[in-house]
Amino acid sequence: MAKDAGKNAGQKGGAKDEDKAVEAPAAANGGIKRFIIMGGVAVVVMAASIGGTLYFVGGTAEPEAVDVEAPPPAKQVAIYHNLRPAFVVNFLAGNKPRYLQAELTVMARDPKVIEAVITHTPLIRSKIINLFADQDYAALQTDSGKGALREALRALIDGTISTEAKLSGIETVLLTNFVMQ
């Protein structure tokens, strides 16, 4: 009987092994099917997400022609050049002799403009002295007179390098030292 019990136990154990062997391929097929279904669902969700984004953002199948202007160039750094030595001009204010001493600094953003100013300094200095000599002494004592002088100096220097070097770009002329007596 012990042998029969062993056989029955062996048969029972053998039957369980067969059941597991039969269930394993079925479970493997179910896992692959589940994986394929989950992958398909993921693809559908991604497609819906992309489609919704394009719909709300306004994406179209054909991109519209957009007139894109080039961004403005970055503003260049200011370059300063001192016109030295100082300018000294004599005036006759009424019957009294007066004089003006001024140091000027030219500002531009293009190095070529500053190079042109340096190259043509003798001509520029001559024109500036003539401009100073034509000024009214009393007018130069006011802020508006000094502002008008600065603008006249800027136009004179820019015009000179425009004529001589075919360049333009003097932004301002600074009066760094301005003494009137």
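Each chain has its residues counted from 1, running along the sequence as written. Whole-chain, interface and lining totals are the exception, using all residues; otherwise, since this is a predicted model, local features are given only for residues with pLDDT of at least 70 and side-chain atom pairs are given and counted only at 80 or more. The side-chain figures draw on all heavy atoms in the structure; neither hydrogens nor water molecules are used.

**Digging into the overall build of the protein chain**
Part 1: Numbering of helices and strands starts at the N terminus; helices are DSSP runs of H or I of at least 4 residues and strands are runs of E of at least 2. Helix and strand content of the protein chain: four helices and three strands.
Part 2: The order of helices and strands in the protein chain, counted from the N terminus, is α-β-β-α-α-α-β.
Part 3: Expressed as a percentage of the 181 residues in the protein chain, the buried residues total 22%.
Part 4: Across the protein chain, contacts joining residues at least 24 apart in sequence account for 69% of those joining residues at least 6 apart. Note on classification: 1.4 Å probe, protein chains only; a residue is buried when its accessible area is under 20% of the maximum for its type, exposed when over 50%, partly exposed between these limits. The contact rule is simple, with two residues in contact once any of their heavy atoms fall within 4.5 Å.

**Some details on unusual backbone geometry**
Part 1: Here the residue pair Arg84 and Pro85 is connected by a cis peptide bond, since its omega of 5° sits within 30 degrees of zero.
Part 2: Mapping Pro85 onto the fold places it in strand 1 (residues 79-93).
Part 3: Phi at Lys166 is positive, roughly 60°, even though this residue is not glycine.
Part 4: By the element assignment, Lys166 lies in the loop between helix 4 (143-165) and strand 3 (170-180).
Part 5: On the basis of relative accessible area, Lys166 is assigned to the exposed category, the value being 67%.

**Regarding helix 4**
Part 1: By this rule the span expected of a helix is its residue count minus one, scaled by 1.5 Å. Here helix 4 contains 23 residues, and its C-alpha end-to-end distance of 32 Å stays within 8% of the 33 Å for a straight helix at 1.5 Å per residue.
Part 2: For helix 4, every residue scored as buried is listed here: Gly145, Leu149, Leu153, Arg154, Leu156, Ile157, Asp158, Thr160 and Ile161.
Part 3: Against the buried residues of helix 4 lie strand 1, strand 2 (96-108), helix 2 (111-119), helix 3 (121-133) and strand 3.
Part 4: In the segment just after helix 4, Lys166 is the residue with positive phi, at about 60°.

**A short note on helix 2**
Part 1: Residues Val113, Ile114, Ala116 and Val117 constitute the buried set of helix 2. Here the buried residues of helix 2 occupy an arc of 155° about the axis, which is enough to place them on one side. Across helix 2 from its buried face, at more than 90 degrees, point the exposed residues Lys112 and Thr119.
Part 2: On its buried side, helix 2 packs onto strand 1, strand 2, helix 3, helix 4 and strand 3. The directions considered for the arc run from the helix axis to the C-beta atoms.

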